[in-house]
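What follows is each chain in one-letter form.
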Amino acid sequence: MERRMILGFLFATLFVGVIIIILVCFTAKNGKRPEPVIDDEPFWKRSVVFQVYPRSLYDGQPDGTGDLIGIRSKAEYLSELGVGAVWLSPIYKSPMKDFGYDISDFTDIDPIFGTMADFNALVNTFHNKGLKVVMDFVPNHSSDQHPWFQKSIKRQDPYTNYYIWAKPKNVLDDGTPVPPNNWLSVFRGSAWTWNKDRGEFYYHQFLAEQPDLNYRDPNVTQEMKKVLTFWLDKGVDGFRVDSLQHLFEVEDLSLDEPVASDSDITDPDEYNYLNHTYTINQPETFTVLREWRHLLDKYPDKVLMAEVYNNNVDTVMQYYGNDTVSLADFPFNFLLIDNLQNRSQLTGHTLRSTIGLWLDSMPEGKWPNWVLGNHDNGRVASRLGTDLVDALNMMTLLLPGTPVTYYGEEIGMENTFVSWEDTQDPQGCRWGPQHYQEHSRDPARTPMQWNNSSLAGFTTANTTWLPVNPNYKTLNVEAQTKAKNSHLKIYKDLTKLRKEEVFKKGHYAFPLVTEDIFSFLRYVEESETYMLVINTSEEDLELNLHHGANIELPHTGQVVLRSITDTSVKTEPGSEVDLSKLPLVRGEGLLLLLSL
Ligand code: GLC
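Definitions and cut-offs
- Residues numbered from 1 in each chain as written.
- Predicted model: local features only at pLDDT ≥ 70, side-chain atom pairs only at ≥ 80, totals over all residues.
- Heavy atoms only, no water.
- 1 Å grid on protein atoms, 1.4 Å probe; cavity = no way out; pocket = protein on both sides within 12 Å on 5 of 7 lines; lining within 4 Å.
- Points joined across faces, edges and corners; volume = space filled by probe spheres on them.
- Helix = DSSP H or I, 4+ residues; strand = E, 2+ residues; numbered from the N terminus.
- Pairing = 2+ DSSP bridges.
- Axes fitted to C-alpha atoms, helices over the stretch in contact; angles between N-to-C directions.
- Contact = heavy atoms within 4.5 Å.
- Core = buried A, V, L, I, M, F, W, Y, C linked by side-chain atoms within 4.5 Å.
- Buried < 20%, exposed > 50% of the residue type's maximum accessible area, 1.4 Å probe, protein only.
- Domains from an automatic or database assignment.
- Near = heavy atom within 4 Å.
- Polar contact = N/O pair within 3.5 Å; in protein donor to acceptor, adjacent residues only side chain to side chain.
- Areas by Shrake-Rupley, 256 points an atom, 1.4 Å probe, with all protein chains shown as cover.
- Nonpolar A, V, L, I, M, F, W, Y, C, P; charged D, E, K, R; others polar.

### Quick look at empty space enclosed by the protein
- Taken as a whole and judged by the stated rule, the model has three cavities of 30 Å³ or more.
- Taken as a whole, the largest cavity holds about 70 Å³ of empty space.
- As for the largest cavity, its lining consists of Val-308, Asn-310, Asn-311, Asn-312, Val-313, Val-316, Phe-332, Phe-334, Leu-335, Asp-338 and Trp-358.
- For the lining of the largest cavity, the elements supplying multiple residues, two or more each, are α9 (313–317) and α10 (335–338).
- In terms of lining residues, the second largest cavity is bounded by Arg-379, Val-380, Ala-381, Val-389, Asn-393, Glu-409, Gly-412 and Met-413.
- Mapped onto the lining of the second largest cavity, the elements with two or more residues apiece are α12 (380–384) and α13 (389–398).

And the structure:
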C-alpha cells in the first residue's frame, strides 16, 4: 500500500514536472516573438496599395468626371495589375471646394461619384476579385456646409462646440475683429475666419470652407467613431487617415506660434513662415488614434494608414506606436518625395540614406512602406525623370514593405500642363496666375490614360474635368499592353515577383552604393539572391560591380528584369551578364539573379 502511494506520488510529480517544462518552453518561445507565419500576414503586408483619385480613374456615367461605376469597371485591370488593395480618395458628399476633402456628410456618397448602391456593388466586385477597399477618412475637418457646422453657428446644442470657435483678440477702430492668434492655414493666410452670425472666429487648418472639428468635445469623438463603424460594417478593409497631425491644437488660443528662424520664407502668409508648435502633433492626437485602433481591431484584418507630413522623421514614427501600443499600421513614408524633389537630388547615396532613414528610424517590429507620389505631389516621372520610371517601381515593389502606387504610376504618367483658366485646385487658385504652377496639384490629377482614342478613353463625354495630357496618344494602357516591353508589363512582373518567398520575408542588404549607383539585395539563406542595380546618373555607364562592393559578388548574374530602354542586347532578360562590365543607361534599373 505504502509502495503504491510512493509510486503514485512519484508519477504525479513527474507528470506535473513535464507539464511545467512544456509550459515554460512555450512561454519562452512566445516571449521571443515567434517568426510570423507568412500566410497569416495581414493583407496590407502582402499587398501593393493602389491609390485611386476617383475623379480621374474612369468616367463610367459620362459627364467628364470619374465615378464609382467607372472605378468598378476597372476591377479586372486592377486585379491583373496584381495590386491587393485599392485606396479611394474621398467619395463622400461634398461641395468639392477641396475636391472631396471638404465633407458635408461622412456617411453618404456624393452624387458626382454615384450612389450608395454603386458603392456596395463596387465593394462586392472588388472583394470577389480579391481586392481590398480602403477608404479615405477625413477626421480633422468637415465642410462648412455640413449640418453640424450650420447648427454650430447657431449655437444649437449639442453642436455648439463641435468646431473651434474663438472671440477676437481685439477689435480695430474701424470695427474689424482681429483673430485670436497668428496661426496659419496650410493653404496660406490666417487659419481664422470671422463668422458674423455667431460673432466669433472659427479655426480652419485648410480652406475657410473646411472648419476644423473640435476633438475636445466628446460628442465629436463619438460621432467620428460612428463614422468609422458605419463603413466597417459595410465591409470596407480599412482607412487612410487624412491630415492626422492637425487633429488637435493647444487649448490656450491666445498663444502665437513662433516665426521659423531656420527657414528662408519671408512671406508671413505662407504656412511654413511659422514653427507649428501649437497646432500639430499634440499628445491628445495619439489618444484618439489609439481609440480608433481599438475600434478597428474589433474587426478582422483592417488597415490604418496615416497621412503625416513632417520633416522630423521621429515625429512621424510616433504614429506607428511602439511594441506595446499599436497605432497606425504605418504612417506614409513621404521621404522619397520630400528628399527627392528633383533629379539633381537623386544619387545612389541619397537613395541609400533616404531608404535607410526610414528603415533605421522605425520602431522595433514595425512595417515599412514606400510612396513615390500621390494626389498632393507632382508625378514622380516628371519630378525625377521618365527614364527612372521602371527603376523606381522596381525599387519600391522589391524593397521590404508595402508600396503605395498612385494611379498612372504603373504606366509612367507625367504631370500635365494646366492653364490658369483650367486650374481647379484651391491650393493653386490661392496663389494667383503668377505663381499657381508652383503650388497647384492639378498636374498630377489629370484623367487616367487608357488608350489613344479621344480624351484617352477616359470618358465618352466631350469634356474632362481637367485636361488630358497630350502625351496620351502614345502613353496609355492599351499601347503598353500591346507593346513587347512596357512600364505596365514590368509593373505586372514586379507584382508577381513580390509573391516569391524572398521578397515576402527575405533579408535585405546594400552591397554597392556610389554617387551613380544604387543597389540592394534580397535573399533568403541557402536560396536565391536577387540584386537590383540602378544607374542614378544622367549618363550611360558601364559598371564594374566588383569595384567598391562590400560583399564578394559573383562574376556573373542572370538578368530577370530591366527598364524599358533602347539598349544593348547584352542585358536582355534571361541573359547571363558579366558583373565587371555591365552596361546600364541613365536611369536604368536591372534586376539580377545571383548565385552567392
Ligand atoms: C490632405 C489631403 C489633401 C487635402 C488636405 C485637406 O493633405 O491629402 O489633398 O487638401 O488633406 O483635407
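What follows picks up the thread again.
### A closer look at the sheet that holds strand β17 (residues 517–523)
- Sheet architecture is open: six strands sit in the order β16-β17-β18-β23-β20-β21, paired in antiparallel fashion. The strands lining the two open edges of the sheet, one partner per strand, are β16 (507–509) and β21 (576–578). The average undirected angle you get between the axes of adjacent strands in this sheet is 35 degrees.
- Each of β17, β18 (529–535), β20 (556–562) and β23 (589–594) is contacted by α13, which is oriented at about 145 degrees to β18, the strand it contacts most.
- Against the sheet, helix α17 (residues 487–497) engages β18, β20 and β23, with an angle of about 120 degrees to β20.

### Describing the nonpolar core
- Core analysis: the biggest nonpolar cluster contains 135 residues, and Phe-119, Trp-231, Phe-239, Trp-292 and Met-395 have the highest contact counts within it.
- When residues of this core are assigned to domains, at least three map to each of domain 1 (43–139 + 221–247 + 279–493) and domain 2 (506–594).
- Setting aside its immediate chain neighbours within four residues, Phe-119 contacts Leu-68, Leu-88, Ile-91, Ile-109, Met-135, Trp-231, Lys-234 and Val-236.
- Within the second largest apolar cluster, 16 residues are counted, among which are Val-559, Val-577, Leu-584 and Leu-592.

### Focus: the site of the ligand
- In the region of the ligand, 14 residues are neighbours, and Asp-98, Asp-242, Glu-307, His-375 and Asp-376 sit closest.
- Within the contact set of the ligand, an oxygen atom lies 2.9 Å away from a side-chain nitrogen or oxygen of His-141.
- Protein contact buries 95% of the 300 Å² of open area that the ligand shows by itself.
- Taken together, the residues of the shell around the ligand break down into three nonpolar, four polar and seven charged.

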